[in-house]
Amino acid sequence: MIILKSEAEIEKIAKASRIVASTLQSLRAFIKPGMTTLMLDAFAEKQIIEQGGVPAFKGYRNFPATLCVSVNEEVVHGIPSEKVIKEGDIVGMDLGVILDGFYGDAALTLPIGEVDSEVHRLLEVTEKSLYAGIAQALEGGRLSDISHAVQSAVEPAGYGIVTDFVGHGIGRSLHEEPQIPNFGPKGKGPRLREGMVLAIEPMVNLGKHEVKVLDDGWTAVSADGSLSAHFEHTVAITKEGPVILSQVEHDV
Ligand code: MG
């Protein structure tokens, strides 16, 4: 069942999502070559707590950290560690916050210093596909209109759209119905309604779409070792159209 949210509930999700957004924004300024991914995690946790939020991922199905940090060929769910970030890497950061019983969730992928133009293009295409999906989060549409818009924005670039992970409804739980695949024909699935709040999150590999999960039980990597990008926003469907609750300024 898809849980519809009242305006007051959407405002609570927005408040949680604003902590996510501002923390990602701070991480954007903080991240430097030579840092470990654990340093990013500690920084994120401090930022969230200072703003009155609670890290949503820490302890979720025993995930050990506040921030998912996925470097280069890591797709999602990278566990912070002593791994050192280098010039030329791309770093995906996914963050969830609980505030007053409601969740917010967002992610972005940043280039560290100089990266190839092809790598920039991967980031740009993935982020644009997120916004193409968001633009279809419209009352009266169908869920797969979002999926199809993401796919249509990625496919011309020839990249691999990850199919093993999907977006999701969000509210009093981190993962609610519906699941939101990043591919598919339009016009299918549940009717989109005012009051739905969705975490839309395309994951795109520079190479083929297949992924595998490492022995740590969490870290998903591209099966062919190609670079992977991930962008995510928490979005409310309203009468006035989609409202991004986790907007981060200066997206790539
Ligand atoms: Mg998510």
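Computed from a predicted model, the values in this text were never measured in an experiment.

1. Comments concerning the packing of helix α3 (residues 117–134) against helix α4 (residues 143–154)
Think of two packed helices as two axes; the pair is described by the angle between the axes and how far apart they sit. It is the contact of α3 with α4, at a shortest axis distance of 8 Å, that shows an interaxial angle of 150°. The angle between α3 and α4 places the two elements in the roughly antiparallel class. Helix-helix and strand crossings are classified by hand; for α3 and α4 the assignment is right-handed. For the pair formed by α3 and α4, the contact residues are V125, S129, A132 and G133 on the first element and I146, A149, V150, A153 and V154 on the second. Here the contact of α3 with α4 is composed, by residue class, of seven nonpolar, two polar and no charged.

2. Looking at the sheet that holds strand β8 (residues 176–180)
Strand order in the open sheet formed by five strands is β8-β7-β9-β14-β15, and the pairing between neighbours is antiparallel. Either end of the sheet is taken by a strand with one partner, and the two such strands are β8 and β15 (241–244). The mean angle between the axes of side-by-side strands here comes to 25°, regardless of whether they run parallel or antiparallel. Where strand β14 (residues 233–238) lies against β15, four bridges are found, and the strand directions are antiparallel. Among the inter-strand pairings, T238 is bridged to a residue of β15, identified as G241. Lying on the sheet, α3 is in contact with β9 (197–200), β14 and β15; it crosses β14 at an angle near 20°. Packing of α4 onto the sheet brings it into contact with β8 and β9, and relative to β8 it is tilted by some 40°.

What counts, and at which threshold
- Residues numbered from 1 in each chain as written.
- Predicted model: local features only at pLDDT ≥ 70, side-chain atom pairs only at ≥ 80, totals over all residues.
- Heavy atoms only, no water.
- Axes fitted to C-alpha atoms, helices over the stretch in contact; angles between N-to-C directions.
- Helix = DSSP H or I, 4+ residues; strand = E, 2+ residues; numbered from the N terminus.
- Parallel < 35°, antiparallel > 145°, perpendicular 65-115°, else oblique.
- Left-handed = near helix turned anticlockwise from the far one by under 90°.
- Contact = heavy atoms within 4.5 Å.
- Nonpolar A, V, L, I, M, F, W, Y, C, P; charged D, E, K, R; others polar.
- Pairing = 2+ DSSP bridges.

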